[in-house]
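These are the residues of each chain, in order.
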Amino acid sequence: MITELATTMIKMPSIDYLAILPVLILIGGAVLIMAITAMVPGGLRRDVATAMTVTTALAALISSLVEWHRVLVQGATTTIAHAIVMDGFSVFMAIAVSSCVILASLIGHDYLKREDISSAEYLILALISAAGAVLMASANDLVVIFLALEILSIALYVLVAFNPRRAESGEAALKYFILGGFSSAVFVYGIALTYGATGTTNLTQIVDFLGQNTAQHPGLLYAGLGLMIVGFAFKVAAVPFHFWTPDVYQGAPSPVTGFMAAVAKIGGFAALLRVLLSAFGTQAATWQPIIYALAVASLLLGALLMVVQRDVKRMMAYSSINHAGFILLGVEAATTRGVQAALYYLFAYAIMTVGVFGVITLVSGNGDRDTDIASYRGLLRRSPLLGACLVVLLLAQAGAPFTTGLFAKLGVLSAAVSVGSWPLALIAMVSAVISGFAYLRLTLISVRPVGAPTDVDELGVETGVSAPMHHLGATLMLEEELPTEVEIAHVGVSPVALTGVTLAAAFTIIFGIVPGPLLSLAHAATMSLLG
Amino acid sequence: MTSLLATTVAIPDVIVFAAGAVMIMIGALGVITSRNPVHAALSLILTLFGIAVLFIEQQADFLAAVQVIVYAGAIVVLFLFVIMFLGVDRNEDLDAEPLAGQRSMAFVIVLMAVGAIIALGAEAHWVVGPHSVSGVPGGPYQNVYNLGRSVFTTYLFAFEATAALLVIAVVGAVVLARRSGAANAEQPDGQPENEEVAS
């Protein structure tokens, strides 16, 4: 061994640049924007910066499609000393992340203009954060997963603090940063213990090791696995690691919240799925109960607390916890069907949430002030297209027919039932009903006419923290909870952000009516993950 | 496969380990009990130095050097800078508990965590062995050689990916440093100033 080392030169690993092309494009675009901003006197114009970002994300999307073609021809390949893998799964995630970047930069454009914040840094950080998410999906080594997680998260911490005129923004960023740093430390400790138990950080080699060895004292392996699950659960906001979610979602600038909700979930679930199903596939009996418990807690707590929120951003935070529970349903099943459903759900949810937060951005007005549920009254009349998009996106989150939400929910539920986890499926259905109530309430508020008197079948808002299940019927009664004279601010709808929101709604409807392409994409991605 | 506690350990190793462990413990206690934040930061140096001693005991010489230079040197100096900026004369009120019972809770949780780690170390089978695998003791190929190799082979991509973190650090620092300026003096013309990015 030693003599061999002495005589051989360092052999650099071969690099398949196509496998990291989306990441390279996203980071390259960010660096390009940074360089041009520094050189142009007075800074880059906003629309130019946004256009460059959209172009970069489109280029990443197209390069993913080229990758897709290669994967179809050659199958999954690893490169750069097996640290990076290019398969259907990584390509699927790259497509999802790139789509989210396009929508989020369109929506962010108007926000930054309104709040008078310089655009360039926002877009640079969003692009690099997206690169981190893509990298999480294509990493085949725990060290790379950790670095990608940090690239994704640290950029998000700064983005959350992006509005200097809102104290909540800074507070949310500090909370997110401290809790996020803590969870990263837990995650990296999990990696260390896994390395101690298997002697490698490479996922393929972990599979080989676990296939060839039977651990008689698997405590170390299980501790490593458990700590890594904690790290991922924090990222995807699963109960009981969700405490940061409501405050950060509320405090962050609205377009950032949408982007964060989508991209952090994609990245977190991508790495979670790859680690659990690919590296620890043989240990499924160990991690399935953990995922089961996380799913039950996320489904119930997310739905129950969602109903009692008055603030739309907090409501969407609990909604995101609830959705995390649904996606965990598919992970828990650990079958082709389950993973495929989870992937479809992930993609559909990411687009929906960016769109919903786009609407929230536009309705909230200057300084993100009007996030109360009452600000949405009569949105459909005040701004028909925006209101229609909101209605579509909310109904899709509730799982209505002719939207991607229906197939997403049906998919994970049927996957859970098919492996016999019918109690879990039952809990999921109950939580879907509870959260559906909250979505419907917001939908009805935005459909109602502006000047309608409050005493006619007003859908009240629960402010108490009492059990919502019990009050489900009661809240439907007449209540004087909403102020009669709400300041209905004029919704400043600008074409750029509206385009983003409309694209999100269009995606939700089109792939809800014709789910075939997205489903087959998810299916192919699943096959490459499970082999 | 070996269990950590089952391996026989030479007497000098035990002595070095004990010395390092005592340094770490004294330093760590100093960090949480010092009223003066400067003293706490200095105690942290002792802890980090003790960890460097443990690295040497594990024959990870290069890591020990990095530990002293980067952590005991640069990072604690950074801490001290921040403390000096905020004012050294402010003593922390250690008796205040913002969250009732948080100290006893922390004590219990730490005890549990330590117990779990000891149990894991004693019972579990470690594949990587109790000693550093990156260097052969006394052999001609030392840590630096092996680390250098893995940075350019096995962990090439991870090494390169840290570049993205540096870009985030630069941009993030500019964004967060500007917020104080933006809060104090509103830019009347709304033109973002971008000089900082160039510097």
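Now for a quick tour of the structure. Treat the numbers as computed from the prediction; the structure is a model and nothing was measured. (Residues numbered from 1 in each chain as written. Chains lettered and ligands numbered in written order. Predicted model: local features only at pLDDT ≥ 70, side-chain atom pairs only at ≥ 80, totals over all residues. Heavy atoms only, no water.)

1. Observations concerning the overall build of chain B
Turning to step 1, where the next piece is worked out: The number of helices and strands found in chain B is 7 helices and 0 strands.
Turning to step 2, where the next piece is worked out: Counting from the amino terminus, chain B carries its helices and strands in the arrangement α-α-α-α-α-α-α.
Turning to step 3, where the next piece is worked out: For chain B, the share of sequence-separated contacts (at least 6 apart) that also reach a separation of at least 24 residues comes to 62%.
Turning to step 4, where the next piece is worked out: Accessible area for chain B stands at about 12,300 Å²; split by element, carbon and sulfur atoms hold 74% of it. (Helix = DSSP H or I, 4+ residues; strand = E, 2+ residues; numbered from the N terminus. Contact = heavy atoms within 4.5 Å. Areas by Shrake-Rupley, 256 points an atom, 1.4 Å probe, with all protein chains shown as cover.)

2. Observations regarding the interface of chain A and chain B
Turning to step 1, where the next piece is worked out: Each side of the interface is counted separately: chain A has 60 residues, and chain B has 45 residues.
Turning to step 2, where the next piece is worked out: For the pairing of chain A and chain B, the buried interface totals around 4,300 Å² over both sides, and the portion due to carbon and sulfur atoms is 74%.
Turning to step 3, where the next piece is worked out: Taken together, the links from chain A to chain B amount to 0 salt bridges.
Turning to step 4, where the next piece is worked out: For the pair chain A and chain B, the number of links is 1 residue pair in polar contact (both at pLDDT 80 or more). (Buried area = accessible area lost by both parts, 1.4 Å probe. Salt bridge = Lys/Arg side-chain N within 4 Å of Asp/Glu carboxyl O. Polar contact = N/O pair within 3.5 Å; in protein donor to acceptor, adjacent residues only side chain to side chain.)

3. Section: helix α11 (residues 254–279) of chain A
Think of an α-helix as turning once every 3.6 residues; residues three or four places apart then point the same way.
Turning to step 1, where the next piece is worked out: Under the 1.5 Å per step criterion, the end-to-end length of α11(A) is 36 Å for 26 residues, consistent within 8% with the ideal 38 Å.
Turning to step 2, where the next piece is worked out: The buried fraction of α11(A) amounts to 25 of the 26 residues, a majority that puts the element mostly inside the structure. (Expected span 1.5 Å × (residues − 1). Buried < 20%, exposed > 50% of the residue type's maximum accessible area, 1.4 Å probe, protein only.)

4. Quick look at the nonpolar core
Turning to step 1, where the next piece is worked out: Residues I145(A), F280(A) and W287(A) are the most contacted members of the largest nonpolar core, which totals 206 residues.
Turning to step 2, where the next piece is worked out: Examining the composition of this core, we find that 20 residues originate from one element, helix α14 (residues 336–364) of chain A, more than from any other.
Turning to step 3, where the next piece is worked out: Those residues in contact with W287(A), other than ones at most four positions away along the chain, are L225(A), I229(A), L276(A), L277(A), F280(A), V331(A) and A334(A).
Turning to step 4, where the next piece is worked out: Listed in part, the 7 residues of the second largest apolar core include A72(B), V76(B), L80(B) and I83(B). (Core = buried A, V, L, I, M, F, W, Y, C linked by side-chain atoms within 4.5 Å.)

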